[in-house]
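Examination of the molecular architecture
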Amino acid sequence: MTVLSEMLRNLVSRPTTTLYPVEKVPIPDAFRGRVECADERCIGCSKCSLVCPASAITMVENQREVEFRGKTMVRKKKPQVSLYSCIRCGLCERHCPADAMHLRNVLSASGPTCEEVIM
Amino acid sequence: MADPLLLAAYILIFPGFLFLFAYSMVFEFLDRRIVARMQNRVGPPFFQPFADIVKTLGKEVIDPEGVDRPIFDAAPIVALAAVMTAFLYVPVIGASPLAFQGDLVLVLYLLTLPTLALMLLGWLSRNIYAAVGGVRAVTMLFIYEVPFFLALVMPTLMAGTWSVSEIMAWQKEHLWLAVLQPIAFVIALIGLQAKLERTPFDIPEAETEIVAGPWTELTGRRLALMHLANQSAAVAGSALIAAVFLGGPALPWASGSAVLDAIAGFLLFLAKTLAILLILATVRGATARIRLDQLNVIGWKYITTAALAQVAIVLVMNAWEVGA
Amino acid sequence: MTRVVVPIGPQHPALKEPVNFRVIADGERIVELELNLSYSHRGIEKAAEQRDFIRALPLIERVCGICSHSHTTAFSKGIEEIMGVEVPPRAQYIRTIIAELERMHSHLLWLGVAAHEVGFNTLFMWTWRDREAIQDTLEEMTGNRVHYIMNEVGGVRLDLSPLQVEAALVRLPVLEERIRAYVEMVEAEETMLTRFRGVGCLSRDEALCFGAVGPTARASGVDYDVRRDDPYLAYAEIPWNVVTDTNGDVYGRTRVRIGELGESLAMVRYCLEHLPDGPIRVSVPKTAPPGEILSRYEAPRGELVHFIRTNGTDRVERIDIRTPTLANWTSVAHCLIGRPLADVPVIVAAIDPCLSCTSRITVSNRGEDAASGTPPRTGWEG
Amino acid sequence: MTEPVTLEMVAGAVEGVGGAERVRANRIRVRTTSDNVREAIQRVNRVLPCDRLISISTVDTADAIELHYHLIGQHRTIVTVTVELPRDKPEIQTVSDLLPPAGLYERQIHDLFGVVFRGHPGLTQLVLNDDWPPDEHPLRKDWKPDPRTFYGGVRQQEVG
């Protein structure tokens, strides 16, 4: 009886559940987690806020000197992500010309209070 | 055991009600842990059953609208009381002081009361799932009760007495009845699995079909009491089968002092009931739930004929022994 | 016996998603059945008409949780065909790998749920434990366990590094051995067999007449499989064969699904080993020429059909999604008549219903927006 | 794969009812009018045995509502029977007796587009929730959800 033999084998072997708070589940590096904007590379073109399906990215005023394809320019706006609306689809990362937006492999919308968690 | 104080202690504390509740919680924990480990899971902590009962006792009691409250409250209590009194007649540390001729029949009938209580609850709670579940519980009762009683009556044929403690004493001189009547032992185990409504036979409480069957409308202390009754029935049932078929808590050779006897007997009792629990848990883990009409076919065609065959064998063995 | 109306309702432990059967039972036998669908409406087709192709993909992916890659592949494959764009072979292979991995984890999930419906929880626990290996592979490749959004119009979003290919190949032998164990287990486990055999029988012409699709139809001997009849992605180049069975009951469907598990595993291994190199996507014009396409895809539950009509803008004029579960409901209703009440969960689970697939079409408009008159935000927008 | 279906065979079968054209390798479209849809389907069936209805797709263009009946058979070629219905009074004969799965598809189209299928056994509401206003059909191009009407869910005053 294959079922019985496997059950008895399981009885003596260690269960496969990882006891979460003690043992952590390994997160692969391709994991799409919290959105981060690399401030020094962002040129404020607001392409990410246009392409975001959940319209979670709004542009805020922010003056800064940035280097973009050899030329230095002054940017006027910077993206601000409302992490509770972000669905972590990665389209902003895909369509950012300045390669500034990245999804890090950290859990995304987990904030102590329930009001908007802004990145 | 004539001294009333000692008798009261026997009934209330040690091998009586308090022990029954504690041991039924240990029983449930071991059952859930064994099945969990077989399924490669971790399983609940040891205090989980205790926590469940305390929590459900504290929960609010919700009465379905238009239900007959007194009977709805009484049914779980009746079920629990029946099982507790049944446990008194089952030997735990040697022969039970309350034993009398015919207590085997009394224990069997007391163990049937929880199923009737379930049927009553199912019918009273005016919920379609509970009604269907209650009817299923009683229909299943007819199917497994006949072979179960036959299997437990056959030892009386061989041992010649109707008292559980005396059957246990008889087995001291002779072989265990599980060896002499293997078919009856297997049928008794199947009957116990069905009486406790565990997986191959948990048709009344089929969670994926009719929500929770008769248990649907039970909340708060009713659920706690009914759950406790079910678990205590597991302890009482396996203790009964251990006593009748596996020689119960008696040592074959009588050692010195009575206290040593009692302790050894108790350890034997624990070992045998846990062995039965292991068998029941393995069956619970390895099988799927069969349908009521399939159970009907299997119950009457195979299990009952096996029980009748066993009766014939026992009668032949009796005649042969009487002859020799 | 009196006729009893038993509502196997939207909230029911057996059905993970809301569907309502108003079953009229005579004792335990089902006499009549009324099917109420669409408790999880989200208005995806109406919403998809207001989005360009880039933003429409995450929306269309959320038609169904388990077969999300199916929907995005069918949609992007259709748009690419209208635009006349040639997708590089590496992207086709990556899409096939993700498609077959999704079929494997969907079938394993189904095997567990089917065992749970008949109370055999041990198999439920084991299958879902083995499914984790596939989920980890998918998470490493695409970054997410469920909604992979690997697809884009014109190719694939992420490339497969040799490291990821190696990590996936390492996990396959363990899975292969587990699938072999399940094949024996389904044959050997007596009590589960009694609950599966002879339940929900569907003869070959009944399956055709009631329009059953996917494993439900293939278990009755109908050998329709879009991957072979209308080859797309890289299925023409991969050696594989269609798994059919003649039993026609829940047992037959179990055998077909386990057979397909083995087939998919062989396909994933073949694709991983023969992954062609080259670009993973092609730049695509923003708008699609006016056109119309019926894009067919073999989802884990059956044949998925996207009817896409474009009108020259960067939006879809109309997308009509017919999901496999909607096609299977007619055959379920037919199978249920005359069966005992206890068989309802098993027969319903046999077609592996995915309710969020079936219903996607209403706009939900909660509280404050109604007063302020702003255009309705679909529930999904959050 | 049975021998590929030639266009002439299909065109010959339906020439009294509508024109046939080849859209792609294994796709054939048959245009016909609303009152001889059943006739077209039966004729195509005689020439090329279609044993399964894949789906009924609908498109609401500015001037008409189009219904596309996609049929397939052992020959693995999809025959699409296309019909155009007037927007103001879209009405057509049902095909659910010929092809049983059409029963569900037609109920869905009736809910969302308002197409009335004459002779349908149970044209009850399948897809929209119960308290959805019966005369409004959400998937029509000209449908805008006006905030005053109540579309189901929790009523405004009960929310407070």
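Remember, it's a predicted structure, so these values are computed and weren't measured experimentally. Think of each chain on its own: its residues are numbered from 1, step by step along the sequence as written. Naming scheme: in the order in which they are written, chains are lettered from A and ligands are numbered from 1. Only residues with pLDDT of at least 70 are given local features in this predicted model, and only at 80 or more are side-chain atom pairs given and counted; all residues enter the totals for whole chains, interfaces and linings. Based on all heavy atoms of the structure, the side-chain values leave hydrogens and waters out of the count.

Strands are runs of DSSP state E lasting at least two residues, helices are runs of H or I lasting at least four, and both sets are numbered from the N terminus onward. Along its length, chain A carries three helices and four strands. Tracing chain A from N to C terminus, the helices and strands come up as α-β-α-β-β-α-β. Relative to its full complement of 119 residues, chain A shows a buried share of 39%. By definition in these notes, contact holds between two residues if any of their heavy atoms fall within 4.5 Å. Sequence separation of at least 24 residues holds for 69% of the intrachain contacts in chain A that already meet a minimum separation of 6. Areas reported as accessible are Shrake-Rupley estimates using a 1.4 Å probe. Residue values count occlusion only from the protein chains shown. Looking at chain A as shown, the accessible area adds up to about 6900 Å², and 59% of this sits on carbon and sulfur atoms. Think of it in three bands: residues with accessible area under 20% of the maximum for their type are buried, residues over 50% are exposed, and the middle band is partly exposed, with areas taken using a 1.4 Å probe on protein chains only.

Bringing the sheet that holds strand β3 (residues 29–36) of chain C into the picture now. Within a sheet, each strand pairs with its neighbour through backbone hydrogen bonds, oriented either parallel or antiparallel. Residue and element names in this part refer to chain C. Reading across from one edge, β1-β2-β3 is the order of the three strands in this open sheet, with antiparallel pairing throughout. Lying at the two open borders of the sheet, with one neighbouring strand each, are β1 (3–8) and β3. With direction set aside, neighbouring strand axes in the sheet form an average angle of 20 degrees. Strands pair, by our definition, only if DSSP identifies at least two bridges between them. Relative to β3, strand β2 (residues 20–26) is paired through seven bridges, and the arrangement is antiparallel. What counts as an axis is a line fitted to C-alpha atoms, over the stretch in contact for a helix, and the angles between N-to-C directions run from 0 to 180 degrees.

Another aspect to go through is the interface of chain C and chain D. Contact with chain C, which involves 45 residues of that partner, is made by 45 residues of chain D. Here chain C meets chain D over a buried area of about 3800 Å², counting both sides, of which 53% is carbon and sulfur. By salt bridge we mean one thing: a side-chain nitrogen of Lys or Arg within 4 Å of a carboxyl oxygen of Asp or Glu. Viewed at the interface, chain D and chain C are joined by seven salt bridges. Two N or O atoms count as a polar contact when they lie within 3.5 Å, although within protein this holds only if one can serve as hydrogen donor and the other as acceptor, and sequence-adjacent residues are included solely when both atoms are side-chain atoms. The interface formed by chain C and chain D holds 17 residue pairs in polar contact (both at pLDDT 80 or more) in total. The term buried area means the drop in 1.4 Å probe accessible area that two parts suffer when joined, counted for both and summed.

Detail in the predicted coordinates should be disregarded across regions flagged by low pLDDT. Residue and element names in this part refer to chain C. Per-residue confidence for chain C averages 84 on the pLDDT scale, and 90% of its residues sit at or above 70. Confidence, expressed as mean pLDDT per element, reaches its minimum in chain C at helix α15 (residues 367–372) with 32 and its maximum at helix α11 (residues 250–273) with 93. A score from 0 to 100, pLDDT tells how confident the predictor is in each residue. Ignoring residues within four places in sequence, the model shows residues 360–382, a span with pLDDT below 50, making 53 contacts including any to other chains. Both scores are given for the predicted complex: the pTM is 0.89, the ipTM 0.88.

Moving on, we get to empty space enclosed by the protein. Residue and element names in this part refer to chain B. Here a cavity denotes grid points, spaced 1 Å and computed from the protein atoms alone, that fit a 1.4 Å probe unable to get out, and a pocket denotes an open set having protein on both sides within 12 Å along at least 5 of 7 lines; residues with an atom within 4 Å of a point are the lining. Grid points are joined across faces, edges and corners, and a volume is the space filled by probe spheres set on the points. Counted by the stated rule, this structure contains six cavities of 30 Å³ or more. As for the largest cavity, its lining consists of Leu111, Pro114, Thr115, Leu118, Lys195, Leu196, Glu197, Trp215, Met226, Ala229, Asn230 and Ala233. Put simply, the parts of the chain that give the lining of the largest cavity at least two residues each are α5 (103–124) and α10 (220–245).

Across the contact, 32 residues belong to chain C and 21 residues belong to chain B. Carbon and sulfur atoms make up 53% of the area that chain C and chain B hide from each other, which totals about 2200 Å². The tally of links from chain C across to chain B stands at one salt bridge. Connecting chain C to chain B are seven residue pairs in polar contact (both at pLDDT 80 or more).

What follows concerns the layout of surface pockets. Computed from the structure, the largest pocket encloses a volume of approximately 1100 Å³. In terms of lining, the largest pocket is formed by 34 residues, of which the most central are B:Glu28, B:Arg32, B:Glu205, B:His227 and B:Arg284. Elements with a minimum of two residues in the lining of the largest pocket: α2 (17–38), α3 (48–58), α10 and α11 (258–286) of chain B together with α5 (121–142) of chain C. It is α10(B) that provides the largest number of residues to the lining of the largest pocket, a total of six residues. In the lining of the largest pocket, the residues fall into eleven nonpolar, ten polar and 13 charged. When residues are grouped by polarity, Ala, Val, Leu, Ile, Met, Phe, Trp, Tyr, Cys and Pro land in nonpolar, Asp, Glu, Lys and Arg in charged, and all others, Gly among them, in polar.

Residue and element names in this part refer to chain C. Taken in spatial order, the three strands make up an open sheet running β6-β7-β8, and their pairing is antiparallel. Of all the strands in the sheet, just β6 (291–299) and β8 (316–322) have a single pairing partner and so form its edges. Put simply, the sheet's adjacent strands are angled 15 degrees from each other on average, direction ignored.

What follows covers a nonpolar patch on the surface. Taken together, B:Leu12, B:Ile13, B:Phe14 and B:Leu18 make up a surface patch of nonpolar side chains, about 390 Å² in accessible area. Tracing the sequence through the fold places B:Leu18 in helix α2. Patch membership requires more than 30% relative accessible area and the absence of a salt bridge. Residues of like charge join within 9 Å; the nonpolar side chains Val, Leu, Ile, Met, Phe, Trp and Tyr join within 5 Å.

When the four pairs of chains in contact are ranked by number of contacts, first place goes to chains C and D. One finds no contact linking chain A with chain D; the least C-alpha distance across the pair is 21 Å. These two, chain B and chain D, are apart from each other, with no contact and a minimum C-alpha gap of 24 Å.

The next subject is the pairing of strand β2 (residues 27–32) of chain D. Where a strand is regular, its side chains alternate between the two sheet faces. Residues and elements named next belong to chain D. Across the six residues that make up β2, a large majority, five, are buried. Bridge count for strand β1 (residues 20–24) against β2 is four bridges, and the pairing is antiparallel. Following the sheet pairing, Arg24 is matched in β2 by Arg27. Of the strand pairs in this sheet, β2 and strand β5 (residues 78–86) are connected by six bridges, and their pairing is parallel. Across the sheet, the residue bridging to Arg27 is Ile78, located in β5.

Turning our eyes to something else, we now look at the side chain of C:Arg157. Mapped onto the fold, C:Arg157 is located in the loop between β5 (155–156) and α6 (162–188). His is not counted here, nor are the chain ends, while Lys and Arg score as positive and Asp and Glu score as negative. For the buried C:Arg157, no salt bridge exists, and the shortest N-O distance to an oppositely charged side chain is 5.0 Å, to A:Glu93.

Let's shift gears to the pattern of salt bridges. Under the counting rule described, the total for this entry stands at 60 salt bridges over all chains. When the shortest N-O distance is used, the salt bridge between C:Asp245 and C:Arg255 registers 2.8 Å. Separated by ten residues along the polypeptide, C:Asp245 in the loop between α10 (226–229) and α11 and C:Arg255 in helix α11 bring together distant segments of the chain. When its relative accessible area of 35% is taken as the criterion, C:Arg255 is described as partly exposed. Taking the shortest distance from any N to any O, the salt bridge between C:Glu303 and D:Arg52 comes out at 3.2 Å.

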